[in-house]
Amino acid sequence: DQQVKQNSPSLSVQEGRISILNCDYTNSMFDYFLWYKKYPAEGPTFLISISSIKDKNEDGRFTVFLNKSAKHLSLHIVPSQPGDSAVYFCAASSNAGGTSYGKLTFGQGTILTVHP
Amino acid sequence: DVKVTQSSRYLVKRTGEKVFLECVQDMDHENMFWYRQDPGLGLRLIYFSYDVKMKEKGDIPEGYSVSREKKERFSLILESASTNQTSMYLCASRESHQPQHFGDGTRLSIL
């Protein structure tokens, strides 16, 4: 079963506007969430993360929001730039018992296209 | 800057062959991971290692094995390659309580 879901395979946004990428999870043991960005022919690169003790984390143009009751997180990019065009993956991990070793469960990914 | 290097960017093999994918990291990380990425499925964990000679199965270990004889190197082995193992393979490493760093991937085709 897919414990982390990104239900939008793609998103198209105009340069300068806001991009909102969404992610839902089902496992209530997840307590740490990350977003990765992936360009073609490159490996994923870490973008931003959030712990379950927070509901918002901001880093420059990127903000991640976490709604634990809804088991939902979102990534906001403001303003969007053409260089943001990439595949975005959300990922989750659980530190239950301290033995997860940082194992991540990934969503399917959302292709973001930012038009000039 | 963390460097995770995968030995091949592209690889073509035949069904039934034994295939080795190599991954090296230069940051003395304890944890290393192998994923495969397929369209519509995201990244799925095959195996991971939390120390030298230590390994654990991920979500899709069938048909794969791994080896970690040295801390910096983590190898993925396809014992008898099959066409359904055609995929993009991604290696990652991690320091405790830090995000995973990924290599650029190996696109493997099994004919």
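Note that the structure is predicted; figures quoted are calculated from it, not measured.

J.: How would you explain the pattern of salt bridges if you had to name every residue and give the values?
T.: Oppositely charged side chains can form a pair if their charged atoms are brought close together. Counted under the stated rule, the structure contains seven salt bridges over all chains. Ionic pairing is found between Glu58 of chain A and Lys56 of chain A, a salt bridge with its closest N-O pair at 4.0 Å. Residue classification places Glu58 of chain A among the exposed residues on the basis of a relative accessible area of 52%. Measuring nitrogen to oxygen at the nearest pair gives 2.4 Å for the salt bridge that ties Glu69 of chain B to Lys53 of chain B. With a gap of 16 residues between them, Glu69 of chain B in strand β7 (residues 64-70) and Lys53 of chain B in the loop between β5 (42-51) and β6 (54-57) connect regions that are remote in the sequence. Each member of the pair Glu69 of chain B and Lys53 of chain B is classed as exposed. One continuous salt-bridge network, built from bridges that share partners, spans Arg36, Asp38 and Arg44 of chain B.

J.: Residues and numbers for the sheet that holds strand β7 (residues 62-67) of chain A, please.
T.: All names here are of chain A. Here we have five strands laid out as an open sheet, ordered β1-β3-β8-β7-β6, and antiparallel in their pairing. This sheet does not close on itself; its edge strands, each paired only once, are β1 (4-5) and β6 (56-59). Looking at chain direction, strand β3 (residues 19-25) and strand β8 (residues 72-77) are connected through six bridges and run antiparallel. Considered in β8, the bridge of Ile20 is made with His76.

J.: Requested: an account of the interface of chain A and chain B, with residues and values cited.
T.: You'll often see interface size given as the accessible area lost when the parts meet. Contacts between the two partners involve 18 residues from chain A and, on the opposite side, 20 residues from chain B. Carbon and sulfur atoms make up 61% of the area that chain A and chain B hide from each other, which totals about 1600 Å². Taken together, the connections running from chain A to chain B amount to zero salt bridges. The interface formed by chain A and chain B includes three residue pairs in polar contact (both at pLDDT 80 or more). With three residues, the single largest contributor to the side of chain A that touches chain B is strand β4 (residues 32-38) of chain A. Classifying every residue of the side of chain A that touches chain B gives nine nonpolar, six polar and three charged.

J.: How would you summarise the sheet that holds β7 of chain B if you had to cite specific residues and measurements?
T.: Residues and elements named next belong to chain B. The antiparallel open sheet is built from four strands, whose spatial order is β1-β3-β8-β7. If you trace the sheet from one side to the other, it starts and ends with β1 (4-6) and β7, each paired once. With direction set aside, neighbouring strand axes in the sheet form an average angle of 20 degrees. Relative to strand β8 (residues 73-78), strand β3 (residues 19-25) runs antiparallel, the two being bridged by six bridges. Bridge assignment links Val19 to a residue of β8, and that residue is Leu78.

J.: Requested: an account of the nonpolar core, with residues and values cited.
T.: Residues Phe33, Trp35, Leu73, Leu75 and Tyr88 of chain A are the most contacted members of the largest nonpolar core, which totals 23 residues. Secondary-structure elements contributing two or more residues to this core are β3, β4, β5 (45-51), β7, β8, β9 (86-93) and β11 (110-115) of chain A. Counting residues per element, this core draws most heavily on β9 of chain A, at four residues. Those residues within four positions of Leu75 of chain A in sequence are excluded, and the remaining contacts are Ser19, Ile20, Leu21, Trp35, Leu47, Ile48, Phe62, Thr63 and Tyr88 of chain A. One finds Cys23, Trp34, Ile60 and Ala81 of chain B within the second-largest nonpolar core, a separate group that totals 20 residues.

J.: Let's hear about the state of the cysteines: which residues, and what values?
T.: For the coordinates displayed, the defined rule picks out two disulfides over all chains. Covalent S-S linkage joins Cys23 of chain A and Cys90 of chain A, the inter-sulfur distance amounting to 1.9 Å. Here the S-S torsion is close to 60 degrees, and the disulfide linking Cys23 of chain A with Cys90 of chain A is therefore right-handed. Of this pair, Cys23 of chain A sits in strand β3 while Cys90 of chain A sits in strand β9, and the two are 67 residues apart along the sequence. In this structure Cys23 of chain A comes out as buried when scored by relative accessible area, which is 1%. Here Cys23 of chain B connects covalently by a disulfide to Cys91 of chain B, the sulfurs 1.9 Å from one another. Note on the Cys23 of chain B and Cys91 of chain B pair: the S-S dihedral is about -75 degrees, so by sign convention the disulfide is left-handed. With Cys23 of chain B in strand β3 and Cys91 of chain B in strand β9 (residues 87-94), the pair connects residues that are 68 residues apart, well separated along the chain.

Cut-off values and rules
Sequence order as written defines residue numbering, which begins from 1 separately in each chain. Chains carry letters from A onward and ligands carry numbers from 1 onward, assigned in written order. In keeping with the model being predicted, local features are shown solely for residues with a pLDDT of at least 70 and side-chain atom pairs are shown and tallied solely at 80 or more, while totals for entire chains, interfaces and linings include all residues. Side-chain numbers here rest on the full set of heavy atoms in the structure, without hydrogens or water. Salt-bridge detection follows one rule: a side-chain nitrogen of Lys or Arg within 4 Å of a carboxyl oxygen of Asp or Glu. Buried residues are those whose accessible area, probed at 1.4 Å on protein chains only, stays under 20% of the maximum for their type, while exposed residues exceed 50% and partly exposed ones sit between those limits. For helices the rule is a DSSP run of H or I covering at least 4 residues; for strands it is a run of E covering at least 2, with both sets numbered from the N terminus onward. Should DSSP find at least two bridges between two strands, the strands are regarded as paired. Note on definitions: a residue-residue contact is assigned when non-hydrogen atoms from the two residues lie within 4.5 Å. Two parts placed together each lose some accessible area under a 1.4 Å probe, and adding up what both lose gives the buried area. The term polar contact refers here to a pair of N or O atoms within 3.5 Å; inside protein, the definition further demands a hydrogen-donor-capable atom paired with an acceptor-capable atom, and it admits residues adjacent in sequence only when both atoms are side-chain atoms. The residue classification treats Ala, Val, Leu, Ile, Met, Phe, Trp, Tyr, Cys and Pro as nonpolar and Asp, Glu, Lys and Arg as charged. All others, Gly included, are polar. Every axis in this analysis is a line fitted to C-alpha atoms, fitted for helices over the stretch in contact. Angles between the N-to-C directions lie between 0 and 180 degrees. To form a nonpolar core, buried Ala, Val, Leu, Ile, Met, Phe, Trp, Tyr and Cys residues must be joined to one another through side-chain atoms within 4.5 Å. Cysteine sulfur atoms that pair up within 2.5 Å are treated as a disulfide.

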